[in-house]
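# Summary of the model geometry
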Amino acid sequence: MPCHWLTEPALEDCNRSGPCHAEGSEPVARVQLWPHQSLSPHGFVVFVGLTAIFLAIPLVGLLGTPALWWVLFPFVLTLGALWMSLRKNWNDRRIVEELSIWPDRIELVRQSHRQPTQRWDANPMWVSVALHENVGPVPYYVTLTGAGREVEIGSFLSEDERKSLYSDLNETLRKIRL
């Protein structure tokens with residue numbers, strides 16, 4: 001599952017007198033999110049290799065003829081386009097979001113291969129979590145609002161994972177505010 005709590009919310013210890021970010025202590029809850037990676041590096045090699053083999057089968061009958069050169073160009077072009085599109089998709093999926101929660105601070109860090117690292121932080125007492133069912137780029141879009149900004153979190157997760165993340169974040173923030 002592409003949503004992993006690195007530090008399980010210690011909800012019974014979550015209160016305003018707990019460990020503070022300002023003191024350099026560890027967060028009481030920390031979650032890391034990333035897009036689902038269905039194609040492993042090994043699977044990538046196997047898929048491209050098998051595709052090359054299956055595309056090469058018709059070329060066997062053309063060995064030794066001038067027509068081979070006319071068919072070889074589209075073969076190489078197709079295989080190259082497949083390889084490049086899979087690599088682009090793979091690179092586009094290199095996104096990691098990490099949300100850390102202390103009693104006195106909440107911090108979201110988003111790392112992507114395309115953009116520089118993005119950071120957002122606020123006081124958890126004033127942060128609200130919203131679940132937008134039909135508004136946003138995906139159904140059940142989760143946002144955090146605080147410090148004068150609204151930021152998205154986990155838009156690349158599945159619908160069920162976003163719902164679960166929303167309830168977990170609400171519960172964690174509720175316990176911190178007690």
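Position numbers for residues count from 1 along each chain, tracking the sequence in the order it is written. This being a predicted model, a pLDDT of at least 70 is required before a residue's local features are given, and a value of 80 or more before pairs of side-chain atoms are given or counted; all residues contribute to the totals for chains, interfaces and linings. In computing side-chain properties, one takes all heavy atoms of the structure into account and sets aside hydrogens as well as water.

Another point: helix α3 (residues 159-177). Given a rise of 1.5 Å per residue, 19 residues ought to cover 27 Å, and the 27 Å separating the end C-alpha atoms of α3 matches this to within 8%. The buried label goes to any residue with under 20% of its type's maximum accessible area, the exposed label to any with over 50%, and the partly exposed label to all in between, with areas taken from a 1.4 Å probe on protein chains only. Each helix corresponds to a stretch of at least 4 residues labelled H or I by DSSP, and each strand to a stretch of at least 2 residues labelled E; elements are numbered beginning at the N terminus. Of all the residues in α3, the buried ones are E161, R162, L165, L169, T172, L173 and I176. End-on, the buried residues of α3 take up no more than an arc of 95 degrees, which puts them together on one face. In this description, contact between two residues means that some pair of their heavy atoms is separated by no more than 4.5 Å. Contacts made by the buried residues of α3 are with β1 (3-7), β2 (29-33), β3 (95-102), β4 (105-112), β6 (128-132) and β7 (141-146). Working rule for helices: expected span equals 1.5 Å times residues minus one. The arc in question is the one spanned by the directions pointing from the helix axis to the C-beta atoms.

Spatial strand order, β6-β7-β8: three strands in an open sheet with antiparallel pairing. Each edge of the open sheet carries a strand with a single partner, namely β6 and β8 (149-152). Pairs of neighbouring strands in the sheet enclose a mean axial angle of 30 degrees, with direction left out of account. Strand pairing is assigned whenever DSSP detects at least two bridges linking the two strands. Where β7 and β8 come together, four bridges link them in antiparallel fashion. Bridge assignment links T145 to a residue of β8, and that residue is E150. Only the contacting stretch of a helix is used when fitting its axis, a line to C-alpha atoms as for every element, and angles between N-to-C directions run 0 to 180 degrees. Of the strands in this sheet, β6 and β7 touch α3, which is tilted by about 160 degrees from β6.

That's the geometry; what it means functionally is another story.
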